[in-house]
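Close look at the chain arrangement
Now for the letters of each chain:
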Amino acid sequence: MDKGTTTGHITALITIAIWGTTFISTKILLTEFTPIEILFYRFLLGLIVLITVYPKRLKLRDKKQEIIFAAAGLCGICLYYLLENIALTYTMASNVGVIISVAPFFTAVLSHLFMKTEEKLKVQFFVGFSVAMIGVCLISFNGSKLNLNPIGDILAIAAAFVWAVYSLLTRKISSFGYHTIQTTRRIFVYGIIFMLPFLIIFDFNLNVQNFIKPEYTINLSYLGIGASALCFVTWNYAVKILGAVKTSVYIYMVPVITVVTSVIVLKETITWMAMLGIGFTLIGLFLSERR
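What counts as what
- Residues numbered from 1 in each chain as written.
- Predicted model: local features only at pLDDT ≥ 70, side-chain atom pairs only at ≥ 80, totals over all residues.
- Heavy atoms only, no water.
- Helix = DSSP H or I, 4+ residues; strand = E, 2+ residues; numbered from the N terminus.
- Rg over C-alpha atoms; globule rule 2.2 N^0.38 Å.
- Buried < 20%, exposed > 50% of the residue type's maximum accessible area, 1.4 Å probe, protein only.
- Areas by Shrake-Rupley, 256 points an atom, 1.4 Å probe, with all protein chains shown as cover.
- Lys, Arg positive; Asp, Glu negative; His and termini not counted.
- Charge placed at Lys NZ, Arg CZ, Asp CG, Glu CD.
- Phe/Tyr/Trp six-rings, centres within 6.5 Å; stacked < 30°, edge-to-face > 60°.
- Polar contact = N/O pair within 3.5 Å; in protein donor to acceptor, adjacent residues only side chain to side chain.
- Contact = heavy atoms within 4.5 Å.
- Patch = residues over 30% accessible without salt bridge, like charges linked within 9 Å, V, L, I, M, F, W, Y side chains within 5 Å.
- Salt bridge = Lys/Arg side-chain N within 4 Å of Asp/Glu carboxyl O.
- Core = buried A, V, L, I, M, F, W, Y, C linked by side-chain atoms within 4.5 Å.
- Axes fitted to C-alpha atoms, helices over the stretch in contact; angles between N-to-C directions.
- Parallel < 35°, antiparallel > 145°, perpendicular 65-115°, else oblique.
- Left-handed = near helix turned anticlockwise from the far one by under 90°.
- Nonpolar A, V, L, I, M, F, W, Y, C, P; charged D, E, K, R; others polar.

On to the overall build of the protein, then. For the protein, the helix and strand inventory stands at 13 helices and zero strands. Its helices and strands in sequence order give the protein the pattern α-α-α-α-α-α-α-α-α-α-α-α-α, from N to C terminus. In terms of overall dimensions, the protein is globule-like: its C-alpha atoms have a radius of gyration of 18 Å, near the 19 Å expected for 291 residues. Here the protein holds 291 residues, and the buried ones make up 51% of them. Taken as a whole, the protein presents about 14,100 Å² of accessible surface, with 70% of it coming from carbon and sulfur. In the protein, 23 positive and 13 negative side-chain charges are present, and the distance between their average locations comes to 11 Å.

Shown next, in the form of structure tokens:
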């Protein structure tokens, strides 16, 4: 494995390690903020950070590229999170967790159909996917019974599909040869623009007093600076190095990080089923990434 590939795997792991812990910050913020408010504030803050860190303006070499950036902002920033949040209001969080983990499979299928530059899919990818999904199911349901809800589950499937589309779009954007921070910043701009109509639909309310409380400011900063500004840059960089399929496979790790964080931060007890699920997920990840 060369140095560049190793860096790609490390950045993907860092991204997932942070994304897997965001549920704690989101849970705290939901006491005073609505999901759409959290979404808008975190990406607005993320955009401000990216502009501050790298203020150089991105000049496109081809105006047609603007459509790709707009589509990436619509899919990865606006639609994915909205579909996921709405799905959570209709169905169990465990259902959503499992269904979202199907995103790497959608990414693989779409890349096979539309991206000739990606590696051809091999048997071990599908074996790894199957093993990882068993692990994710064990972690997510953890002894609780399966409770299907057509509306919520369909929305979760749509979210997974949208993220797969976003992965392919960022792979395409990486081929343009621009700086990763510049491209991520442009994607954020379009994501926020597409988000604006939903602020009206979901009764967005600007309450300045909420920002005075330290616990809300700290957690919003974590989501905006860490989970948004930093993680979308590192994720897009990993996609650039590893490709859309190999990077998306790390999504299997999100439930694992969530369980570990729950044990460390929230002092929750880990069950034998969750431990078994973690084992299956890690094996599935290894099989999918193995050449």
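The next point concerns the packing of aromatic side chains. Under the criterion given, the structure shown has 28 aromatic pairs. Look at Trp19 and Phe232: their rings are 5.5 Å apart centre to centre, the planes differ by 65°, and that puts the pair in the edge-to-face class. Of the two residues, Trp19 sits in helix 1 (residues 3-19) while Phe232 sits in helix 10 (residues 214-242), which places them 213 residues apart along the sequence. As far as the burial class goes, Trp19 and Phe232 line up, both buried. When the centroid spacing of 5.1 Å and the interplanar angle of 80° are considered together, the rings of Phe43 and Phe188 count as edge-to-face.

This part takes up the side chain of Thr11. Looking at the element boundaries, Thr11 is found in helix 1. The buried category is assigned to Thr11, whose relative accessible area is 12%. Of note is the side chain of Thr11, whose polar atom sits 2.8 Å from the backbone oxygen of Gly8. When neighbours within four sequence positions are excluded, Thr11 is seen to be in contact with Thr234, Tyr237 and Ala238.

Side chains of Lys56, Arg57, Lys59 and Lys63 sit close together on the surface and give a patch of like positive charge. Looking at where Arg57 falls in the secondary structure, it is placed in the loop between helix 3 (35-53) and helix 4 (65-90).

Turning next to the nonpolar core. Grouped together as the largest cluster of nonpolar side chains are 81 residues, with contacts concentrated most on Phe43, Phe69, Trp163 and Phe232. Broken down by element, this core gets its largest block of residues, 12 residues, from helix 10.

Moving on: the side chain of Gln182. Structurally, Gln182 is set in helix 9 (residues 180-201). Owing to a relative accessible area of 7%, Gln182 belongs among the buried residues under this scheme. Side-chain polar atoms of Gln182 contact the backbone oxygen of Arg57, separated by 3.3 Å. Excluding anything up to four places from it in sequence, Gln182 contacts Tyr54, Lys56, Arg57 and Leu58.

Attention shifts here to a nonpolar patch on the surface. On the surface, Val260, Val263, Ile264, Val265, Ile270 and Met275 cluster together into a nonpolar patch covering about 490 Å² of accessible area. Counting residues per element, the nonpolar patch draws most heavily on helix 12 (residues 253-265), which supplies four residues. With respect to the helices, strands and loops of the structure, Met275 is situated in helix 13 (residues 272-289).

Turning next to the pattern of salt bridges. Tallied over the entire structure, the rule returns one salt bridge. Of the charged contacts, one joins Glu66 and Arg186 as a salt bridge, the two residues approaching to 2.9 Å between their closest N and O atoms. Here Glu66 is found in helix 4, whereas its partner Arg186 is found in helix 9, with 120 residues between them in sequence.

Where helix 9 contacts helix 10, the axes come no closer than 9 Å and their chain directions differ by 120°. Taken together, the axes of helix 9 and helix 10 are oblique relative to one another. Crossing of helix 9 against helix 10: the hand is right-handed. Contacts from Thr180, Ile181, Thr184, Ile187 and Phe188 of helix 9 reach helix 10 at Ser228, Ala229, Phe232, Val233, Asn236, Tyr237 and Lys240.

In a packed pair of helices, the relevant descriptors are the angle between the two axes and the axis-to-axis distance. Axis separation between helix 3 and helix 4 bottoms out at 10 Å; the angle between their running directions is 150°. Classified by the angle their axes make, helix 3 and helix 4 are roughly antiparallel. In this structure, helix 3 meets helix 4 at a crossing whose hand is right-handed. Each of Pro35, Ile36, Leu39, Arg42 and Phe43 in helix 3 lies in contact with helix 4, whose residues at this interface are Ile77, Tyr81, Leu82 and Asn85. Here the contact of helix 3 with helix 4 is built from residues that sort into seven nonpolar, one polar and one charged.

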